[in-house]
Each structure stands twice: as structure tokens, then as C-alpha cells.
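Summary of the model geometry
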Amino acid sequence: QKEVEQDPGPLSVPEGAIVSLNCTYSNSAFQYFMWYRQYSRKGPELLMYTYSSGNKEDGRFTAQVDKSSKYISLFIRDSQPSDSATYLCAMSARRETSGSRLTFGEGTQLTVNP
Amino acid sequence: KAGVTQTPRYLIKTRGQQVTLSCSPISGHRSVSWYQQTPGQGLQFLFEYFSETQRNKGNFPGRFSGRQFSNSRSEMNVSTLELGDSALYLCASSPDNSGNTIYFGEGSWLTVV
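Below, the structure is looked at part by part. The shown structure was predicted, so the numbers you read here are calculated from the model rather than taken from an experiment. (Residues numbered from 1 in each chain as written. Chains lettered and ligands numbered in written order. Predicted model: local features only at pLDDT ≥ 70, side-chain atom pairs only at ≥ 80, totals over all residues. Heavy atoms only, no water.)

**Focus: the overall build of chain B**
Defined as follows: Where helices and strands are cited, they refer to DSSP runs of H or I of at least four residues and of E of at least two residues respectively, numbered from the N terminus. With C-alpha atoms as the basis for the radius of gyration, the globule rule is written as 2.2 Å multiplied by the number of residues raised to the power 0.38. Relative accessibility decides the category of a residue: with a 1.4 Å probe and only protein chains considered, values under 20% of the type maximum give buried, values over 50% give exposed, and everything between is partly exposed.
Scanning chain B from N- to C-terminus turns up zero helices and 11 strands. Of the regular secondary structure in chain B, the N- to C-terminal order runs β-β-β-β-β-β-β-β-β-β-β. Relative to the globule expectation of 13 Å for 113 residues, the C-alpha radius of gyration of chain B, 13 Å, shows essentially globular dimensions. Counting only C-alpha atoms, chain B reaches 40 × 25 × 25 Å along its principal axes. In chain B, which comprises 113 residues, the share counted as buried stands at 51%.

This is the structure in C-alpha cells:
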């Protein structure tokens, strides 16, 4: 079983829709949670970074972490065609033990149609 | 502020050869990590360097190695290349190892023929 599970999609939505992307994890040691966006043939771009359970908002993006359920989400409001990309969740444990080592989900391919 | 810079961006090598990839982290960042990305396995951690010391190593064979210089720049080397080493190799940097954000470069696309 993978430590981080993410539905690879593909996910196709109309412009303006609210997009919900999710990951589950099994390692209780994970404490830091990130969402990256990756365009084709580009490197991952950091979108959101959270440490504790709860919500964090940045513009059209909201990251949600529920440590008790080992479940994280990314919501995109008013989705745009430029949001079409692969979205990767990533997580890491305490830095004292794992440094900056990230464990990634498989990535969800999102297409926003005009 | 310049981002993470990786060179070369694209390269083609023959089986059995070796390759060296270079990474310049964001100015002031002291932690550099390397990842391999393939369609089948996704993003997998190779190793991390902090202050010229390897802090963490992923589950890759000894053919994969790396080092970090005093200016935080890093290189990774793959010897005796195999077809399965064809991948996007990504370098990431962070200010230190205290839980800060991690930023990726554009990657080096390696094709082994």
C-alpha cells in the first residue's frame, strides 16, 4: 500500500466550477502538507503549504487538512483554463528525522474547459 | 530572486554511460534535494544534502550518487546508465531543514537509448 493515495483522474470541469482535489495518507508521522501544480514538461510549483489541521486560504485556493482522518484537500474556486495542470499532494514528517524528504501522491490531471 | 536552476535541461545518453546533473539552489537556501519523476512511479525521493552532508537517501541503487559544494550548489551522478533511468530529474531547495517550504527547479530530462 502506498503511503499517499491520490486519484490520478483525469478530472474535467467547466470554467468557473469549484474543483476539489484530495489525498489520503497512512503515515501518522506526516506533519507538513503541500500542494504543487505541475504544467506539462515543467517542474512542480508550490501552491500551498500547511502544518496543522484546519483550513488555509490563498486567493482562489483553499487547503484543508484533517489529521484525525489522514485526509487533505485542495479546493480551487472559479476555476480557469490556466488552472489545467497536474496537481500533486506532498507531505513530510518531522524535519529532525526526515529532513526535507517529501512523499508525493500520484498527481491528479485537471482540465478546465472554456 | 532567481529560482532553482538546473542544467542541462535535456540530454540523451547511451546505456552504460554516466551522467552528471547540476543544480543551483535559490540564493540563501542550504538544503538541496533530488527527485526522479517517471510516468509509472511518479515523484520519488533520491537524496538530500544540507551543509555539504547527505542527510537522507531514498531507495535507489548505489549507481545514483550526489554531492553538495560549499556554495550549496549540488550535483547528482548516475553511472552505468540503464534504459529505466530515463526520467525527469528534479532538484529542490529550501532555506534549511526546519520545515520550511520546498521549491523545485524545471528539471533535467534524461533519455537513455
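Moving on from the model shown.
**Quick word on the overall build of chain A**
To keep things clear, this is the line we draw: Residue contacts are defined here by distance: any two heavy atoms, one from each residue, within 4.5 Å place the two residues in contact. Residues counted as positive are Lys and Arg, residues counted as negative are Asp and Glu, and His and the chain ends are not counted. In plain terms, the charge of a residue is placed at NZ if it is Lys, CZ if Arg, CG if Asp and CD if Glu.
Of the regular secondary structure elements, chain A holds one helix and 11 strands. Mapped from its N terminus to its C terminus, chain A presents α and β elements in the order β-β-β-β-β-β-β-β-β-α-β-β. Relative to the globule expectation of 13 Å for 114 residues, the C-alpha radius of gyration of chain A, 14 Å, shows essentially globular dimensions. A total of 114 residues make up chain A; the buried ones form 47% of that total. Looking at chain A alone, contacts between residues at least 24 apart form 55% of all its contacts between residues at least 6 apart. Placing the 12 positive and 12 negative side-chain charges of chain A at their respective mean positions leaves the two points 7 Å apart.

**Some remarks on the interface of chain A and chain B**
Using the following cut-off: By definition, the buried area sums, over both parts, the 1.4 Å-probe accessible area that each loses when the two are put together. Any carboxyl oxygen of Asp or Glu within 4 Å of a side-chain nitrogen of Lys or Arg constitutes a salt bridge here. We call two N or O atoms a polar contact when they sit within 3.5 Å, provided that within protein one can donate a hydrogen and the other can accept it, with sequence-adjacent residues counted only if both atoms are side-chain atoms.
Residue-level contacts link 19 residues of chain A with 28 residues of chain B. Taken over both partners, the interface formed by chain A and chain B buries close to 1900 Å², and the fraction arising from carbon and sulfur atoms is 52%. In terms of surface lost to chain B, no three residues of chain A exceed Arg41(A), Ser100(A) and Arg101(A), which account for 32% of the buried area on that side. Here chain A and chain B share one salt bridge between them. Among the salt bridges present, the one from Glu106(B) reaches Lys42(A), with a minimum N-O distance of 3.9 Å. In this structure, the connection of chain A to chain B is made through four residue pairs in polar contact (both at pLDDT 80 or more). Breaking the side of chain A that touches chain B down by element, the ones donating at least two residues are β4 (32–38), β5 (45–50) and α1 (95–98) of chain A.

**Observations concerning the packing of aromatic side chains**
Inclusion rule: When the centres of two rings from Phe, Tyr and Trp lie within 6.5 Å, Trp using its six-membered ring, the rings pair. Their planes under 30 degrees apart give stacked, over 60 give edge-to-face, and anything left gives tilted.
Scanning all chains against the criterion turns up 12 aromatic pairs over all chains. Summarising the aromatic geometry, the rings of Phe104(A) and Tyr35(B) are spaced 5.7 Å apart at their centres and angled 85° between planes, so their arrangement reads as edge-to-face. With Phe104(A) in strand β10 (residues 103–104) and Tyr35(B) in strand β4 (residues 31–38), this residue pair bridges two chains. Residue Phe104(A) shares its accessibility class with Tyr35(B), and that shared class is buried. Three or more aromatic residues link up through ring pairs in this structure, and these residues are Tyr36(A), Phe104(A), Tyr35(B), Phe45(B) and Phe104(B).

**Regarding the sheet that holds strand β3 (residues 19–24) of chain B**
Residue and element names in this part refer to chain B. This is how it is decided: Strands were regarded as paired on the criterion that DSSP finds at least two bridges between them. To get an axis, fit a line to the C-alpha atoms, keeping to the stretch in contact for a helix; angles then go from 0 to 180 degrees between the N-to-C directions.
Overall, antiparallel pairing links the four strands, which are arranged β1-β3-β8-β7 in an open sheet. Bordering the open sheet on either side are β1 (5–7) and β7 (64–68), each of which pairs with just one other strand. Adjacent strand axes in the sheet meet at a mean angle of 20° when their direction is disregarded. Looking at chain direction, β1 and β3 are connected through three bridges and run antiparallel. Bridging from a neighbouring strand, Thr7 pairs with Ser22 of β3.

**Remarks on the side chain of Thr108(A)**
All names here are of chain A. Turning to its location among the elements, Thr108 is positioned in strand β11 (residues 108–113). Polar side-chain contacts of Thr108 include one of 3.3 Å to the side chain of Gln6. In this structure Thr108 touches Gln6, Asp7, Pro8, Gly9, Leu11, Leu21, Ala85, Thr86 and Tyr87, once residues within four positions along its chain are discounted.

This is a description of form; function is not addressed.
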